[in-house]
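Letter by letter, the chains look like this.
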Amino acid sequence: MKDPETATVFAGLDGRTDTELPEWYAEQHATPDPVSFSQAIRELPQAIETAVAYRNPYSDEWVETERFNALVEPSRLQAEANGDAETESLFHIPTDSYSIINPVDVYGPLEEVLREETIDGTPLGDVMFGEIRRYRGGGEVHMDIMFDGLEVRLPGRSDPITMGVTSGYDFFGEHAVYVEGFAQDGYCSNTMRSLTDKEVIKHVGDVRNFRT
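Residues numbered from 1 in each chain as written. Predicted model: local features only at pLDDT ≥ 70, side-chain atom pairs only at ≥ 80, totals over all residues. Heavy atoms only, no water.

## Section: the overall build of the protein chain
Link 1 in the chain: Counting its regular elements, the protein chain contains five helices and twelve strands.
Link 2 in the chain: In terms of overall dimensions, the protein chain has C-alpha extents of about 75 × 35 × 30 Å along its principal axes.
Link 3 in the chain: Taking all 212 residues of the protein chain together, 42% fall into the buried category.
Link 4 in the chain: If you take every contact in the protein chain between residues at least 6 apart in sequence, the share linking residues at least 24 apart comes to 56%.
Link 5 in the chain: Of the accessible surface of the protein chain, which amounts to about 12000 Å², a share of 46% is contributed by carbon and sulfur atoms.
Link 6 in the chain: Charged side chains in the protein chain number 17 positive and 40 negative. The centres of these two groups are separated by 4 Å. (Helix = DSSP H or I, 4+ residues; strand = E, 2+ residues; numbered from the N terminus. Buried < 20%, exposed > 50% of the residue type's maximum accessible area, 1.4 Å probe, protein only. Contact = heavy atoms within 4.5 Å. Areas by Shrake-Rupley, 256 points an atom, 1.4 Å probe, with all protein chains shown as cover. Lys, Arg positive; Asp, Glu negative; His and termini not counted. Charge placed at Lys NZ, Arg CZ, Asp CG, Glu CD.)

This is how it looks when you write it as C-alpha cells:
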C-alpha cells in the first residue's frame, strides 16, 4: 500500500487512561505525545448524504435524482461555502442502497468492549496502542491496534511479538469495514497480517451490531 497522507499514533483508550507507548514502538514512531484512541477516532473525517442532480444538456437545467446520493464531509462543505476549502468535500456518489458507516459507528462500540475486557486483570483499553493512517483526504482509513502484554514469544527469541487487530474502511465504495488479526515483531518492525479470517461488513442495508 502507498504511504499514507497522514498517520496518527495513539496510546490508551481515552483521557482517563495513563498509557505510554512501549519503548520499541516509540523508537519506531517519533511521536513524543501520542493522542488517545477515542480522540483519534473522533478527529477522522465523517460522511453525510446530500442530494444529487444531473444537467440536461438540451434544456441546460439541473434535475435532481433520488437514485443516488452524494457522500460529503460536512466540515469541508461549510469551508467550501466560506470560500476557504483546502480539500474537496465530495467522497463518492453511490446508489441509494449505500449505508454510511462513520468511524464512531464502528469504533465507538469497540471502546465499550475495551473497557470491559481485560488482560491479567487490566482493561485492554489501558494497554492499547497503535497507528491510524489516512489516505485520499481521509476518505480511506486503515489502522493497527495492539495491546501491550498480549504477546507470544518464539523459541530462541528474547523480543516478543505483540498481538492485535488491523481494521479499516473507506467512503469510496471500494473497502467495506473490515477487521482481522494482526501482529508486529518489536525486534525488526515486521508486521504479520491476515492472521485470522477477515470479518467484513458492507455499506449496504441494515448494518449489524459492531459490538459483536
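## Details of the environment of T50
Link 1 in the chain: Mapped onto the fold, T50 is located in strand 2 (residues 48-56).
Link 2 in the chain: Separated by 40 residues in sequence, T50 and L90 place their C-alpha atoms 10.0 Å apart.
Link 3 in the chain: Setting aside chain neighbours within four positions, we find T50 in contact with N69, A70 and V72.

## Brief notes about unusual backbone geometry
Across the chain, the bulk of peptide bonds are trans and the bulk of non-glycine residues have phi less than zero.
Link 1 in the chain: A positive phi angle, near 55 degrees, is found at D120, a position not held by glycine.
Link 2 in the chain: Assignment of secondary structure puts D120 in the loop between strand 5 (118-119) and strand 6 (122-123).
Link 3 in the chain: With a relative accessible area of 79%, D120 lands in the exposed category.
Link 4 in the chain: We note that R136 has phi near 50 degrees; this positive angle belongs to a residue other than glycine.
Link 5 in the chain: Locating R136 in the fold gives a position in the loop between strand 7 (128-135) and strand 8 (140-152).

## Observations concerning the nonpolar core
Link 1 in the chain: Ranked by internal contacts, the top residues of the largest apolar core, which has 29 residues, are F37, M128, I132 and M143.
Link 2 in the chain: Listing elements by their share of this core, those giving two or more residues are helix 2 (37-42), helix 4 (103-116), helix 5 (124-127), strand 7 and strand 8.
Link 3 in the chain: Counting residues per element, this core draws most heavily on strand 8, which supplies four residues.
Link 4 in the chain: The contact partners of M128, leaving out residues within four places of it in the chain, are F10, A11, G12, L13, T19, F37, L114, I145, M146 and F147.
Link 5 in the chain: One finds L21, W24, Y25 and F129 within the second-largest nonpolar core, a separate group that totals eight residues. (Core = buried A, V, L, I, M, F, W, Y, C linked by side-chain atoms within 4.5 Å.)

Scope: geometric values only; no functional claims are made or implied.
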